[in-house]
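The chain contents come next:
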Amino acid sequence: FFLMIRRPPRSTQSRSSAASDVYKRQLNKSLAFTPFETKWIPNSAKFVLLGQTPKATGIAQVYQLNKTELTLLSEFQRGKGFKCGTFGASQVNKAELATGDHEGNLEIYDLEAGKPFYNIKAHDQLVNSIDGIGGLEIGYGAPEIVTGGRDGCVRVWDPRQNGAVVSLEPAEKDPVVPDCWAVAFGNSYNNEERCIVAGFDNGDVKMFDLRMNQLRWDTNLKNGVCGIEFDRKDIMMNKLVATTLEGKFHVWDLRTYHSEVGYSSLQESGQKSTIWGVKHLPQNRDIFATQGGNGVLNLYKYNYPPQRVLEDLEGRERGVVGTVELLNDKELATQPIASLDWNRDKIGLGVVSCLDQTLKVFIVTKLNMY
């Protein structure tokens, strides 16, 4: 069914008057398994849903959106439960889905056949997060996949090779190995430049320069990092958003680095529970949504400052961070929103999977006003 939801009353956060014209509609479906990931299939009104059955096997379902109905087109099960997936390294004319599972495997599937053509043991334990670059005409350079695992490792894979091209591992002397919860690609604006960023359960955020093969920047947020994303993968890095435990998210302006202060940033208490992830709108990099552990989806807009760069007393450039504006929020589930994906062809069309075993397709209208 469809619901038209008017924007809730104003909170203490700033909201523009135009935000009152934002509406949400949603289509719901109950599931018989636990969903962990939803991804729109490129250039289509189809999406794939990944999860784990009560028997701990992996399940993948492909759905077609037909106006007011969801049609299940195909389904297959395999091995251990799926945890994450991406089309980021897929060719434009193919639906090649890279997945990470609860046993540490990285597989790439031909969705039409329902079978993997690439399979490798990526991590000793669960693959928490995955991202892709170089496919779908997004970003420059070769197609690559990055995975982050419970073993604390961050690894980069080239689907044309049978091994990791980069492996970033915790030091052997570390008494407690941090769990890598989130990874993302960015800064892929030519054939040489490319970065990955990783967030860990101890609050660490680390950015690695793949061209220079070295750590570029790191910080600690004092809370486990559940989700992280550049506002765009295929431009010179501009902004970065990370979400954490205790309902906080952080935004960095990445255009100017100061040798002492680092990147300028802001912190917001966005929700009253853990924020599981963040996704930027493909059609507007300044709008992003956060996935609440309380089942609430928050929609924000980033506003740039009048000046993005100032000089300190010693004449060194220092970045200036902007502000965020809450456009709308809506409770979509009774339990955490495990995944969110925006459709690249239809602005405002999104799909979420929630841990109350529900799947929801929704649309946010009038986003072209921002």
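Keep in mind that what you see is a predicted model, and the values were worked out from it rather than measured. (Residues numbered from 1 in each chain as written. Predicted model: local features only at pLDDT ≥ 70, side-chain atom pairs only at ≥ 80, totals over all residues. Heavy atoms only, no water.)

Trainee: Got a sec to walk through the side chain of Lys 39? Specific residues and values, please.
Mentor: Mapped onto the secondary structure, Lys 39 falls in strand β2 (residues 34-40). Look at Lys 39: it is buried, it has no salt bridge, and the nearest opposite charge is Asp 341 at 4.1 Å. The contacts of Lys 39, once residues within four sequence positions are left out, are Phe 47, Val 48, Gly 85, Thr 86, Phe 87, Lys 279 and Asp 341. (Helix = DSSP H or I, 4+ residues; strand = E, 2+ residues; numbered from the N terminus. Buried < 20%, exposed > 50% of the residue type's maximum accessible area, 1.4 Å probe, protein only. Lys, Arg positive; Asp, Glu negative; His and termini not counted. Salt bridge = Lys/Arg side-chain N within 4 Å of Asp/Glu carboxyl O. Contact = heavy atoms within 4.5 Å.)

Trainee: Talk me through the layout of surface pockets; I want residue IDs and the actual numbers.
Mentor: In this structure, the second largest pocket spans a volume of roughly 330 Å³. In terms of lining, the second largest pocket is formed by 17 residues, of which the most central are Ile 41, Lys 94, Ala 95, Leu 111 and Glu 112. Partitioned by chemical class, the residues of the lining of the second largest pocket number 8 nonpolar, 4 polar and 5 charged. (1 Å grid on protein atoms, 1.4 Å probe; cavity = no way out; pocket = protein on both sides within 12 Å on 5 of 7 lines; lining within 4 Å. Points joined across faces, edges and corners; volume = space filled by probe spheres on them. Nonpolar A, V, L, I, M, F, W, Y, C, P; charged D, E, K, R; others polar.)

Trainee: So, the nonpolar core: which residues are in play, and what are the values?
Mentor: Counting 17 residues, the largest nonpolar core has Ile 228, Leu 240, Trp 252 and Leu 254 as the members making the most contacts within it. Examining the composition of this core, we find that 3 residues originate from one element, strand β18 (residues 225-230), more than from any other. Not counting chain neighbours up to four residues away, the residues in contact with Leu 240 comprise Val 197, Trp 217, Ile 228, Glu 229, Phe 230, His 250, Val 251, Trp 252 and Leu 254. Leu 281, Leu 297, Val 352 and Phe 362 belong to the second largest nonpolar core, which has 16 residues in total. (Core = buried A, V, L, I, M, F, W, Y, C linked by side-chain atoms within 4.5 Å.)

Trainee: Account for unusual backbone geometry, with residues named and values stated.
Mentor: Backbone geometry follows two general trends: most residues other than glycine have a negative phi, and most peptide bonds adopt the trans configuration. The phi angle at Lys 222 is positive, at roughly 70°, despite the residue not being glycine. When you line up the elements, Lys 222 lands in the loop between β17 (214-220) and β18. For Lys 222, a relative accessible area of 73% translates into the label exposed. You will see that Glu 246, though not glycine, has its phi angle at about 65°, which is positive. Looking at the secondary structure, you find Glu 246 in the loop between β19 (239-244) and β20 (248-253).

Trainee: Hey, could you go over the environment of His 102 for me, with residue numbers and the actual values?
Mentor: Structurally, His 102 can be placed in the loop between β7 (96-101) and β8 (105-110). Overall, His 102 belongs to the partly exposed group, its relative accessible area being 28%. In this structure, the C-alpha to C-alpha distance between His 102 and Ala 56, residues 46 residues apart in sequence, is 8.9 Å. Look past the residues within four positions of His 102 in its chain and what remains in contact with it is Phe 36, Gln 52, Gly 81, Phe 82, Lys 83, Gln 125 and Leu 126.

Trainee: Before we move on, could you go through the packing of aromatic side chains and cite the residues and values that matter?
Mentor: Evaluation of the coordinates by the stated rule reveals 12 aromatic pairs. Where Phe 47 meets Tyr 63, the ring centres are 5.4 Å apart and the plane angle is 20°; that geometry is what we call stacked. One end of the pair, Phe 47, is in strand β3 (residues 46-52); the other, Tyr 63, is in strand β4 (residues 58-66), with 16 residues separating them in the sequence. Pairing Trp 342 with Phe 362 gives two aromatic rings, centres 5.7 Å apart and planes at 70°, and the pair type is edge-to-face. Of this pair, Trp 342 sits in strand β28 (residues 337-342) while Phe 362 sits in strand β30 (residues 358-364), and the two are 20 residues apart along the sequence. When its relative accessible area of 3% is taken as the criterion, Phe 362 is described as buried. A cation sits over an aromatic face here: Arg 194 above Phe 185, 5.9 Å from the ring centre. (Phe/Tyr/Trp six-rings, centres within 6.5 Å; stacked < 30°, edge-to-face > 60°. Lys NZ or Arg CZ within 6 Å of the ring centre and 35° of its normal.)

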